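Geometric and topological summary
In case you want the letters, here they are:
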Amino acid sequence: FRTCALLIVTVTLSPVTAAPWSEKYATREDVYPPLWELAPENLLDFRVKDNKIVINAWNYQERLGMYKNLLKSSAKYFTAFGSQNTGNILWGLPSQHGWQFRTGRLADPSRVTSCGYEDGDLLCISVRSWWANINYYLAVIPFLAAVEAGLFGQLQYGVEILPPEEQRADFCYSVADCRSHVPNLMDDWKAYFEYLLSTEHKAMRPATFSSFQLDDALGLMWKAHITSNAYAVPKFQDNLKYLSDPEANFGVDWATGVDFIAATYFSTDLPTMNNFQAFLPQRMLVEGDVAPFISDFSPQQNRVLLSLKALYKANELTGGLLLKLWEKAMSTEAGRKMGRKIIEGLVSG
């Protein structure tokens, strides 16, 4: 099973030999997501009203602030994996959010409103954006699960997320609300944060102390990530109608690709994410964009698009068997290491 899956995915993904991932990490102005320095970094930096911390998750800067608080509060668990919290594996979430903002994927794709555009409210996140709605379940749910788990300690206020103007029934807005509507999502994200908290308690008891296991943390984090995706992707299928066919197809291909990436426990620290995201499309896809012939995309960007499409089609043709074989192959640490090399070779080879 393992050999079969590795061979199929290697051939499907890339014609090049997997190359070693670059360990060099140059400091650049764009290391952090756009407007990172301006995002709220403490919970009380958000508006407080009626004994509740009120967060507008439909504003890019405030949604980014939820990630910033998660990273800040979990920083102490990742000191051994990089300076200045760069080794924190939660960087994958705000990095993706920043890429979506920078490339216009959070703006109103229907153009009915000016939400997300320079001639309107640039920081507005549109509820008509497929990308934004998928991201909601990778932002609000982990944040509220962290509140429930106690990552932020004992809070003197409750937390409330403001609803969007449309599709209000598609989202949840508080710990209790999300616990009621999406308990399995809350459980999986809470399990991740409880694992981090448990390592702190163990450190206080030297006799039972065991070192922080990054592989275990990545496994829990990716499990929660996939649970969120599995719920949100079919839920917001209707939002794909607002996108061009190439962009909608890329979104679906990307969602499938994440399933394959997750099985490898791919590291989502800041340096790795910055290397990885350099090969993602720097703009929305439009009619006429056909990989690998998109002239304003790099060869690597074209190859990533083509590979994701091939992977989606191969998995679809096998009725999902390819993913199951891949997950079986990734069930050991050695298998996951090989899987990560395949993915790294895809984007850097």
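Residues numbered from 1 in each chain as written. Predicted model: local features only at pLDDT ≥ 70, side-chain atom pairs only at ≥ 80, totals over all residues. Heavy atoms only, no water.

In the nomenclature of an unreviewed UniProt entry, the chain corresponds to LEG1H protein from the organism Columbina picui. Word for word, the UniProt comment on the chain under Subcellular location (unreviewed entry) is "Secreted". (UniProt positions renumbered as here; feature names shortened; annotations may be inferred.)

The next thing to look at is the state of the cysteines. A complete count under the given rule lists two disulfides for this structure. Here Cys 115 pairs with Cys 124 through a disulfide, and the sulfurs are 1.9 Å apart. Its S-S torsion of approximately -90 degrees makes the covalent link between Cys 115 and Cys 124 left-handed. Both residues of the pair, Cys 115 and Cys 124, belong to the buried class. With its sulfur 2.0 Å from that of its partner, Cys 172 forms a disulfide with Cys 178. Between Cys 172 and Cys 178 the disulfide shows an S-S torsion of about 100 degrees. By sign, it is right-handed. (Disulfide = S-S within 2.5 Å. Buried < 20%, exposed > 50% of the residue type's maximum accessible area, 1.4 Å probe, protein only.)

Turning our attention to the pairing of strand 3 (residues 158–161). Of the two faces of strand 3, the one holding Val 159 and Ile 161 is buried and the one holding Gly 158 and Glu 160 is not buried anywhere. Here strand 2 (residues 52–55) pairs with strand 3 via four bridges, running parallel. Bridging across to strand 3, Ile 55 finds its partner in Ile 161. (Helix = DSSP H or I, 4+ residues; strand = E, 2+ residues; numbered from the N terminus. Pairing = 2+ DSSP bridges.)

The next point concerns the nonpolar core. In this structure, Phe 143, Ile 161, Trp 189 and Phe 193 are the most contacted members of the largest nonpolar core, which totals 87 residues. Split by domain, this core shows at least three residues from each of two domains, domain 1 (29–238) and domain 2 (243–348). When near neighbours in sequence (up to four residues on either side) are disregarded, Phe 193 contacts Leu 70, Leu 90, Pro 142, Ala 145, Ala 146, Ala 149 and Leu 151. Counting residues in hydrophobic clusters, the runner-up holds 10 residues, among them Ala 263, Leu 311, Ala 314 and Leu 322. (Core = buried A, V, L, I, M, F, W, Y, C linked by side-chain atoms within 4.5 Å. Domains from an automatic or database assignment. Contact = heavy atoms within 4.5 Å.)

Turning our attention to the pattern of salt bridges. Between side chains of opposite charge, pairing is possible as soon as their charged atoms come close. Scanning the entire structure with this criterion turns up 13 salt bridges. A salt bridge links Lys 68 to Glu 41; the nearest nitrogen and oxygen atoms lie 3.8 Å apart. Taken together, the residues span a long stretch of sequence, with Lys 68 in helix 2 (residues 60–74) and Glu 41 in the loop between helix 1 (2–13) and strand 1 (47–49) at a distance of 27 residues. Glu 41 gets classed as partly exposed once you look at its relative accessible area, which sits at 36%. One salt bridge in this structure joins Arg 336 and Asp 215, with 2.8 Å as the shortest N-O distance. Taken together, the residues span a long stretch of sequence, with Arg 336 in helix 13 (residues 333–348) and Asp 215 in helix 8 (residues 214–235) at a distance of 121 residues. An identical accessibility class is assigned to Arg 336 and Asp 215; each is buried. Several salt bridges converge on common partners, so that one network encompasses Glu 148, Arg 179 and Asp 187. (Salt bridge = Lys/Arg side-chain N within 4 Å of Asp/Glu carboxyl O.)

Moving on, we get to empty space enclosed by the protein. Where empty space is left in the structure can be found by rolling a water-sized probe over the atoms. Tallied over the entire structure, the rule returns two cavities of 30 Å³ or more. Of the volumes computed, that of the largest cavity is approximately 320 Å³. Forming the walls of the largest cavity are 24 residues, and the residues nearest its centre are Gln 96, Leu 138, His 225, Trp 254 and Val 258. Elements represented by at least two residues in the lining of the largest cavity include exactly helix 3 (92–102), helix 4 (130–136), helix 8, helix 9 (245–263) and helix 10 (270–277). With five residues, the single largest contributor to the lining of the largest cavity is helix 8. (1 Å grid on protein atoms, 1.4 Å probe; cavity = no way out; pocket = protein on both sides within 12 Å on 5 of 7 lines; lining within 4 Å. Points joined across faces, edges and corners; volume = space filled by probe spheres on them.)

Residues of the chain with pLDDT of at least 70 account for 87%, and the chain-wide mean is 89. Low pLDDT, under 50, characterises residues 14–28; the predicted model gives this stretch 29 contacts beyond four residues in sequence or across chains. In this model, residues 205–210 is a region of pLDDT below 50 whose contacts with residues beyond four sequence positions or in other chains number four contacts. (pLDDT = per-residue confidence, 0-100.)

So, about helix 10. Here helix 10 lies mainly inside the structure; seven of its eight residues are buried. Of the residues making up helix 10, those classed as buried are Leu 270, Pro 271, Thr 272, Met 273, Asn 274, Phe 276 and Gln 277.

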